[in-house]
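Next come the chains, spelled out residue by residue.
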Amino acid sequence: MPVMVACAYVTTDAVTPAGRTSEAYAWLILSIGVGQSAGTVLAGRLAEQTLASAALPAAGAASALAVLLAARRQLRPAGHRPPGRHRRPLRGRHKTS
């Protein structure tokens, strides 16, 4: 868990525009707190069920994967260009007119 939180802070720092860092960290801290609270409630409810011991980790992994897939376009470092969308000068192949 600490590694995941540390990665969240590094990612937030990388993708946040200048001048908005404090707000971004506030949202990050809020989302971590809400996520932990909701997870605790859900885990408590599901732990009381008989067959939930195997389903709980799978549901957590599926939820995390869904969030990451939904946010993958926003989780790019500042200045990142998609592959194949940049132009490099061709070396040794100059047009001569």
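Conventions we followed
Residues numbered from 1 in each chain as written. Predicted model: local features only at pLDDT ≥ 70, side-chain atom pairs only at ≥ 80, totals over all residues. Heavy atoms only, no water. Axes fitted to C-alpha atoms, helices over the stretch in contact; angles between N-to-C directions. Helix = DSSP H or I, 4+ residues; strand = E, 2+ residues; numbered from the N terminus. Parallel < 35°, antiparallel > 145°, perpendicular 65-115°, else oblique. Left-handed = near helix turned anticlockwise from the far one by under 90°. Contact = heavy atoms within 4.5 Å. Nonpolar A, V, L, I, M, F, W, Y, C, P; charged D, E, K, R; others polar. Buried < 20%, exposed > 50% of the residue type's maximum accessible area, 1.4 Å probe, protein only. Polar contact = N/O pair within 3.5 Å; in protein donor to acceptor, adjacent residues only side chain to side chain. Salt bridge = Lys/Arg side-chain N within 4 Å of Asp/Glu carboxyl O. pLDDT = per-residue confidence, 0-100.

**Some thoughts on the packing of helix H1 (residues 2–15) against helix H2 (residues 21–47)**
- H2 packs onto H1 with a crossing angle of 155° between their chain directions and a minimal axis gap of 10 Å. It follows that H1 is roughly antiparallel to H2 by the angle criterion. Considering how the two elements wind past one another, H1 and H2 form a crossing that is right-handed. Residue-level inspection shows Val-5, Ala-8, Tyr-9, Thr-12 and Asp-13 of H1 in contact with H2, the latter providing Ala-24, Tyr-25, Leu-28, Ile-29 and Ile-32.
- Grouping the amino acids of the contact of H1 with H2 by side-chain chemistry returns eight nonpolar, one polar and one charged.

**Considerations on the side chain of Thr-16**
- In this structure, Thr-16 sits in the loop between H1 and H2.
- For Thr-16, a relative accessible area of 16% gives the class buried.
- At 2.3 Å, the side chain of Thr-16 forms a polar contact with the backbone oxygen of Thr-12.

**Re the side chain of Thr-12**
- One can find Thr-12 in helix H1.
- Every residue in contact with Thr-12, bar those within four places of it in the chain, is listed here: Ala-24, Tyr-25 and Leu-28.

**Some points on the pattern of salt bridges**
- Taken as a whole and assessed by the stated rule, the structure comprises one salt bridge.
- Residue Glu-23 pairs with Arg-20 through a salt bridge whose shortest N-O separation is 2.8 Å.
- Residue classification places Arg-20 among the partly exposed positions, given a relative accessible area of 46%.

**A few points about the confidence of the model for the protein chain**
- With 76% of its residues at a pLDDT of at least 70, the protein chain reaches an overall mean of 80.
- Within the protein chain, helix H3 (residues 52–70) has the poorest average pLDDT of any element, 83, and H2 the best, 90.

**Re the environment of Trp-27**
- Among the secondary structure elements, Trp-27 is positioned in helix H2.
- Counting along the chain gives 15 residues from Trp-27 to Thr-12, while the straight-line C-alpha distance between them is 9.8 Å.

**Quick look at the environment of Ala-43**
- Among the structural elements, Ala-43 can be located in helix H2.
- In this structure Ala-43 comes out as partly exposed when scored by relative accessible area, which is 26%.
- Along the backbone, Ala-43 and Leu-56 are 13 residues apart, and their C-alpha atoms lie at a distance of 7.3 Å.

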